[in-house]
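# Examining the three-dimensional arrangement
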Amino acid sequence: MDKKLLFIANWKSNKTCSDTVEWLAHFSDEMTRLSLDNKDIVICPPFTALFSAYMYIKEHKLPISLGAQDVSPFDEGMHTGEIAPIQIKELADYVIIGHSERRREFLEDDAIIAKKVQSAKAVGLATIVCLQDENAQVPKGADILVYEPPRAISSGIPGKPGVPDDPRKISQVFTQIHNKTNKNELLYGGSVASSTIDAFSAIPLLRGFLVGGASLDYLEFARLLSKC
Ligand code: PGA
């Protein structure tokens, strides 16, 4: 792969603050052995660990950007439990919106997702929007689009590896999304791991990956990066 690729680590509801600092300490060691000129790395820890990650990255001047995994559709105010875009922007540059787990478990729909994109954009966050298939609605203002078919997302159950989508299918979906949106920032997500990443290298339009389970272990994430 000769173009610059974006690797977004989505830790989901995993890791405490101390786990996060430990991961970053180990991963920064691994980074010294990786060739990073053709890669951008974004880590998306849970909200509770964003500040620890931010401080560690700043103090050690690591070439890692931060993202949140979700954002409130509302601005700061009386919205119990919500994290407002401006609160994220203080610590991170990116935000994931519309992940299929949020659609499934929290019943988020296209209208909520569109509102989240607008509120995130208003404070200057780069929006990473997940699309479950070629027919998914692309909200206005989406910066980075990720094709993430729910069936390809790993379960996280040890010994039950996920099965990534067929690279030919990914190519087709990318072409359809590109034709519809004219967007070039197309990423793939779903069981991307060091053992599966080679299969994606020939996909035209591919600009990177959203990596869930395989990003939780710093060694596996470094191994995956070393293959690109
Ligand atoms: P996975 O998750 O890499 O564990 O399949 C990807 C995602 O849901 O972001």
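The text that follows walks through the structure, step by step, so that each part is easy to find. (Residues numbered from 1 in each chain as written. Predicted model: local features only at pLDDT ≥ 70, side-chain atom pairs only at ≥ 80, totals over all residues. Heavy atoms only, no water.)

A separate point is the overall build of the protein. Assigned secondary structure in the protein consists of 7 helices and 8 strands. Scaling as 2.2 N^0.38, a compact globule of 228 residues should have a C-alpha radius of gyration of about 17 Å, and the protein matches this with 17 Å. Across its three principal directions, the C-alpha atoms of the protein cover 45 × 40 × 35 Å. Carbon together with sulfur atoms contributes 52% to the accessible area of the protein, which is approximately 11,000 Å² in total. (Helix = DSSP H or I, 4+ residues; strand = E, 2+ residues; numbered from the N terminus. Rg over C-alpha atoms; globule rule 2.2 N^0.38 Å. Areas by Shrake-Rupley, 256 points an atom, 1.4 Å probe, with all protein chains shown as cover.)

Attention now goes to unusual backbone geometry. For Leu 107, which is not a glycine, the phi torsion comes out positive at approximately 55°. Examined against the element boundaries, Leu 107 turns out to sit in the loop between α4 (100-106) and α5 (110-122). At Asn 182, a residue that is not glycine, the phi angle is positive and equals roughly 65°. With respect to the helices and strands, the residue Asn 182 is situated in the loop between α6 (167-181) and β7 (186-189). Among the residues examined, Asn 182 registers a relative accessible area of 60% and is labelled exposed. (Buried < 20%, exposed > 50% of the residue type's maximum accessible area, 1.4 Å probe, protein only.)

All right, on to the pattern of salt bridges then. Applying the stated criterion to the full structure yields 16 salt bridges. Of the charged contacts in the structure, one is a salt bridge between Asp 110 and Arg 103, with a shortest N-O distance of 2.9 Å. Judged by relative accessible area, Arg 103 falls into the partly exposed class, the value being 22%. What you see here is one network of salt bridges that share partners, running through Asp 70, Arg 102, Glu 108 and Lys 116. (Salt bridge = Lys/Arg side-chain N within 4 Å of Asp/Glu carboxyl O.)

Phe 7, Phe 27, Ile 43, Tyr 188, Phe 200, Phe 209 and Phe 221 are the most contacted members of the largest nonpolar core, which totals 56 residues. Each residue touching Phe 7, except ones within four places of it in the same chain, is listed here: Lys 39, Asp 40, Ile 41, Val 42, Ile 197, Phe 209, Phe 221, Leu 224, Leu 225 and Cys 228. (Core = buried A, V, L, I, M, F, W, Y, C linked by side-chain atoms within 4.5 Å. Contact = heavy atoms within 4.5 Å.)

Near the ligand you find Asn 10, Lys 12, His 99, Glu 148, Ile 153, Ser 154, Gly 190, Ser 191, Leu 210, Val 211, Gly 212 and Gly 213, and these make up its full shell. Contact between the ligand and Lys 12: an oxygen atom at 2.7 Å from a side-chain N or O atom of the residue. Within the side chain of Ser 154, an N or O atom sits 2.4 Å from an oxygen atom of the ligand. About the coverage of the ligand: the protein hides 99% of its 280 Å² of free accessible area. (Near = heavy atom within 4 Å. Polar contact = N/O pair within 3.5 Å; in protein donor to acceptor, adjacent residues only side chain to side chain.)

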